[in-house]
Amino acid sequence: MKHVLKMTNISRRQALGLLGVAGAAALVGMPAHADGAGVAAKLKSLTGGKPIGAGDITLDLPEIAENGNAVKVAFSIDSPMSADNYVKAVHVMADGNPTPEVATFNFTPAMGACSASTRMRLAKTQNIIVLAEMSDGSFKQAQQTVKVTIGGCGG
Amino acid sequence: MRLVLTLTIAVGLLASPALAKTPYHDGTAEVIKPTDKRHPLSEIVSGYDFRKAMIRDVQDDDFANPAMLVVDYGEEQWNKVEGTAGKSIAQVFEGCAEVPLNTVGAVYPRYHKAGGKVMTLEQVINLCRETVMGAKPYKWESREMLGVTAFIKLQSRGSRMTVAVDGPAAKTFERGKELYYTRFGQLDMSCAHCHEDNYGNYIRADMLSQGQINGFPLYRLKWNGVGSVHRRFRGCLENIRASKPAYGDPDLVALELYTAWRGNGLKVETPAYRN
Amino acid sequence: MATIKPRVKVPKKAAVDEIIEIKALISHPMHTGRAKDKKGNKIPRKIINRFIASFDGQEVFVANFEPAISANPFIAFPFKATKSGEFKFTWVEDGGAEYTAANKMTVA
């Protein structure tokens, strides 16, 4: 290509090293400085301080997300979804994002089942917390760590 | 000390020869054996098979793949009457393309008789718009162009790529091959350094693919949108700190022809979903 | 930003009491308000902040989206088919603009 600038003739090893330096912080598994406090405060305001139980929530999240731009987040909750026993709302939070809230899903018995799937942005490796609010006023939660890697290159 | 260690590991990872030549996941990838004796690789694998399930699953579902939104828009443009001849692209394109519509995605870029040179699908669309429809050409990376090219290539989805590189296309093919192996830019690298010598290895935390283009135009998470082959080429050149030719530049066309040939045998996956 | 047109998958036919899956996808950049443009100016927040699914005029599912939801938001959710009718899907954007889609379903 006639307009290519051939500048300093650095060796390929040096060039790959240049790429490596920038990538040092992007390797998988770097411990994230999670904002547990933000999520804890959010959970408290949603539950009014009530105890949060466990069980019945299945999370479908990747162990390692190749890209933080669109990470699959899906869940299903075992519930009869009858008029007197159903999941009212599900809150999804990410403790390492600039703000923890990701989405809230509001269910009705008409749906017949409680599940949802979407895609979220994750700034870095962090914990995803899912809080379910039941029709009887009780709460349940589940959580999982998602490792996020930063892409290589390629324009 | 830690920086030096990390650097050493990073360089080590990148420099290790053919460490993981097999595609990333569980061995279910489709591996094509090249039939052309000139082909430098012993196996041809789509970029699809270098990505994890989270990304592959989106491509597999036309209602989850955001690239389909651009295809839908392209279909609207395809059927839109525009220009002085009062026709839509749909009504005239097969004649312009010189090949049946449902093969376009598998055979382009190709030597175009009316154009007298190797042309990409974008160029033929604009040739059609200007000379047959009497309509304004699309900008290369516009939503209209991306939508129409994606919609057309979708009609060939599942067919095997078979771009022709002999006869009148031979000169362009040779130029494309030359470019693929030429070092460019401040980082002094060629396409081959990553996509031939190091596919299956990692660059930062990304697994390098063979750089095949059987899924273009495609949605890239990096772009949060759909882009063309030339956008991808230009981006790569920018990353290695080389100057970028304009969209549609003869050198990019040559490189596209050559790169498409390297993927002959792969299924057309347009519109693909990638990292 | 070009046309905002959604892509929705609803089965045309379902059996009584069958739990179907609905998928909805819409084109939208989902600007978080944190990113900067090429000149260094912050791109103001503009997202789809709510997705509403109604069946025969009754709201059945509402999702509230935050800026953490990816560009070109996707949502999949279940619905129990009990009678034939029409779905209406609404995407609400910051500022109040609404985008809609409608799908009929026959239940036998």
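Re the overall build of chain B
Within chain B, the regular secondary structure consists of 11 helices and 9 strands. Taken over the C-alpha trace, chain B has a radius of gyration of 19 Å; the compact-globule value for 275 residues is 19 Å, and the two agree within 12%. The principal-axis extent of the C-alpha atoms belonging to chain B is close to 70 × 40 × 35 Å. The 275 residues of chain B split such that 51% are buried. The contacts of chain B with a sequence gap of at least 6 include a subset with a gap of at least 24, amounting to 72%.

Observations concerning the overall build of chain A
A count of helices and strands for chain A gives 2 helices and 9 strands. Out of the 155 residues in chain A, the part that is buried amounts to 38%. Expressed as a percentage of contacts within chain A between residues at least 6 apart in sequence, the contacts between residues at least 24 apart total 68%.

Topic: the interface of chain A and chain C
Facing the 24 residues of chain A at the interface are 21 residues of chain C. Secondary-structure elements contributing two or more residues to the side of chain A that touches chain C are strand E6 (101–106) and strand E7 (114–120) of chain A. In terms of residue class, the side of chain A that touches chain C is built from 12 nonpolar, 9 polar and 3 charged. Sheet topology note: the E6(A)/strand E5 (residues 58–65) of chain C ladder contains 4 bridges and is antiparallel.

Considering the pairing of strand E4 (residues 71–77) of chain A
Residue and element names in this part refer to chain A. Here E4 lies mainly inside the structure; 5 of its 7 residues are buried. When strand E2 (residues 57–60) meets E4, the two strands line up antiparallel, connected through 4 bridges. Bridge assignment links Asp60 to a residue of E4, and that residue is Ala74. With 7 bridges connecting them, E4 and E7 associate as antiparallel partners. Residue pairing in the sheet places Ser76 in a bridge with Ser115 of E7.

Describing the confidence of the model for chain A
All names here are of chain A. Summary statistics for chain A give a mean pLDDT of 83 and a share of 74% for residues scoring 70 or more. Within the model, the stretch residues 1–10 combines pLDDT values under 50 with 16 contacts to residues more than four positions away or in other chains. Scored below 50 in pLDDT, residues 15–33 shows 39 contacts in the model against residues more than four places distant or in partner chains.

Re the packing of helix H6 (residues 121–133) of chain B against helix H7 (residues 143–154) of chain B
Residue and element names in this part refer to chain B. At a minimum axis separation of 10 Å, H6 and H7 run at an interaxial angle of 110°. If you check the angle between H6 and H7, you find them roughly perpendicular. Of the residues in H7, those touching H6 at Leu121, Glu122 and Ile125 are Met145, Val148, Thr149 and Ile152. Among the residues making up the contact of H6 with H7, the classes are represented as 5 nonpolar, 1 polar and 1 charged.

With respect to the sheet that holds strand E7 (residues 218–220) of chain B
All names here are of chain B. A sheet is described by the order of its strands in space; here 3 strands give the open sequence E8-E7-E9, paired in mixed fashion. A strand with exactly one partner marks an edge of an open sheet, and here the two such strands are strand E8 (225–227) and strand E9 (273–274). One ladder, built from 2 bridges, connects E7 with E9; its direction is parallel. What sits directly across from Arg220, in E9, is Arg274.

Some details on the environment of A:Ala89
Residues and elements named next belong to chain A. With respect to the helices and strands, Ala89 occurs in strand E5 (residues 87–94). Assessed through the 17 C-beta atoms surrounding it within 10 Å, Ala89 is described here as partly exposed. Sequence separation of Ala89 and Leu131 is 42 residues, and the distance between their C-alpha atoms is 8.3 Å. Each residue touching Ala89, except ones within four places of it in the same chain, is listed here: Thr104, Phe105, Asn106, Phe107 and Glu133.

What counts and how
Along each chain, numbering runs from 1 in the same order as the chain's sequence is written. The naming scheme follows written order: chains are lettered A onward, ligands numbered 1 onward. Residue-level local features of this predicted model are given only where pLDDT is at least 70; pairs of side-chain atoms are given and counted only at 80 or more, and the full residue set underlies all totals for whole chains, interfaces and linings. Each helix is a run of H or I in the DSSP string that is no shorter than four residues. Each strand is a run of E no shorter than two, and both are numbered from the N terminus. Here the globule rule is a power law, 2.2 Å times the number of residues to the power 0.38, and the radius of gyration is based on C-alpha atoms. Every C-beta atom is placed from the backbone, and the number of other C-beta atoms within 10 Å of a residue's own sets its class: buried at 20 or more, exposed at 12 or fewer, partly exposed in between. Note on contacts: each residue gets a C-beta atom placed from the backbone, and two residues are in contact if those atoms are within 7 Å. Any residue that is not Ala, Val, Leu, Ile, Met, Phe, Trp, Tyr, Cys, Pro, Asp, Glu, Lys or Arg is counted as polar, Gly included; the first ten are nonpolar and the last four charged. Paired strands are those between which DSSP finds at least two bridges. As a per-residue measure, pLDDT reflects the predictor's confidence and takes values from 0 up to 100. Convention adopted: a line fitted to C-alpha atoms gives each axis, helices being fitted over their contacting stretch, and angles between N-to-C directions are expressed from 0 to 180 degrees. Angles are sorted into four bins: roughly parallel if under 35 degrees, roughly antiparallel if over 145, roughly perpendicular if 65 to 115, and oblique for all others.

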